[in-house]
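Secondary and tertiary structure notes
Next come the chains, spelled out residue by residue.
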Amino acid sequence: MKKHGKKYVEASKKIDKNKLYNLDEAISLVKETSVANFDSTVELAIKLNIDAKKSDQNLRGSFVLPNGTGKKKTILVIAKGEAAQKAKDAGADFVGDKDMIEKIQKENWFAFDVIVATPEMMPELGKIGKVLGPKGLMPNPKTGTVTNDVVKAIEDINKGMISYKNDSYGNIHTIIGKVSFDNKKLAENLEYVVTTVAKAKPTSVKGVFISGIAITSTMGPSVRLDKNSFDI
């Protein structure tokens, strides 16, 4: 069993594990029980009533949070010619084609958070899929990271675009901002993510789709939310 520190234990006493909190209460509690000595990330977990073994019930996509994530992401763009120049002009941190792919492969280089690639470069990137895949870095059209419009992709990422997909247990884990965000901004981000996921319900899923929602700060205790707080 995982052993928690004294700060975590004390913070946990402020939360009733048997209660489902409304939106405002939950956000206030997460901020109050943040135990890290830095600006913690506020994380969201959504439990879905899906069979993750069935491909038609799996969810994957991306969204741009209304108030951003509070974190600047380092962007690598894999593109050639005009698309590469546009990426540089749009402020991508790294731009290249085969040279960057070789750098990742030969130098184990991962000084970036996200890769955007044009469709023509995907066959080359596919050669290192076994390296990128486990790290969650492989670009995908569903998340908007495989595109000819690299400028929009860069703009969306800088605005706070985050990718999501369910794990093997049917859970989606993502971030909704920082503890330093005011309650209104966190609430707007949280509502946006939950309603976006709810609208993505696969047609093959019957009955209740979202079975649980919880938020937590980095290293802090989790707070369960009442689903009635959302228009889903």
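Residues numbered from 1 in each chain as written. Predicted model: local features only at pLDDT ≥ 70, side-chain atom pairs only at ≥ 80, totals over all residues. Heavy atoms only, no water.

Topic: the sheet that holds strand 7 (residues 171-178)
By definition, the strands of a sheet pair up through backbone hydrogen bonds, in either a parallel or an antiparallel sense. What counts, and what does not: A pair of strands is treated as paired once DSSP finds two or more bridges between them. Only runs of H or I of at least four residues qualify as helices and only runs of E of at least two qualify as strands under DSSP, and these elements are numbered from the N terminus. Here, residues are in contact when the closest pair of their heavy atoms is within 4.5 Å. The axes are straight lines fitted to the C-alpha atoms, using for helices just the contacting stretch, and the angles between their N-to-C directions are given from 0 to 180°.
Pairing within the open sheet is antiparallel, and its four strands lie in the order 7-1-8-9. Two strands lie at the open edges of the sheet, namely strand 7 and strand 9 (223-224), each paired on one side alone. Sitting on the sheet, helix 2 (residues 23-32) touches strand 1 (41-48), strand 8 (210-217) and strand 9, and the angle it makes with strand 8 is about 35°.

Structural notes on the nonpolar core
Counted only if it meets this: To form a nonpolar core, buried Ala, Val, Leu, Ile, Met, Phe, Trp, Tyr and Cys residues must be joined to one another through side-chain atoms within 4.5 Å. Three exposure classes are used, based on accessible area relative to the maximum for each residue type with a 1.4 Å probe and protein chains only: buried under 20%, partly exposed in between, and exposed over 50%.
Counting 35 residues, the largest nonpolar core has Leu-44, Ile-46, Leu-48, Leu-190, Val-197 and Ile-215 as its most contacted members. For this core, the secondary structure elements donating two or more residues are helix 2, strand 1, strand 6 (161-165), strand 7, helix 8 (183-199) and strand 8. Sort the elements by how many residues they give to this core and helix 8 lands first, with six residues. In this structure, Ile-104, Trp-109, Ile-115 and Leu-137 belong to the second largest nonpolar core, which totals 16 residues.

Things to note about the packing of aromatic side chains
Think of a pair of aromatic rings as described by two things: how far the centres are apart, and how the planes are tilted against each other in angle. How we decide: For this analysis, a ring pair means two rings from Phe, Tyr or Trp (six-membered ring only for Trp) whose centres lie within 6.5 Å, classed as stacked if their planes differ by under 30 degrees, edge-to-face if by over 60, and tilted for the remaining angles.
Tallying each qualifying case throughout the model produces five aromatic pairs. Between Trp-109 and Phe-112 the ring centres are 5.1 Å apart and the planes differ by 55°, which places this aromatic pair in the tilted class. When its relative accessible area of 13% is taken as the criterion, Trp-109 is described as buried. Between Phe-110 and Phe-112, the aromatic rings sit 6.0 Å apart at their centres with planes inclined by 45°, giving tilted as the arrangement. Residue classification places Phe-110 among the partly exposed residues on the basis of a relative accessible area of 23%. Residue Phe-112 is classed as buried on the basis of its relative accessible area of 6%. Here a set of aromatic residues connected by ring pairs shows up, and it is made of Phe-94, Trp-109, Phe-110 and Phe-112.

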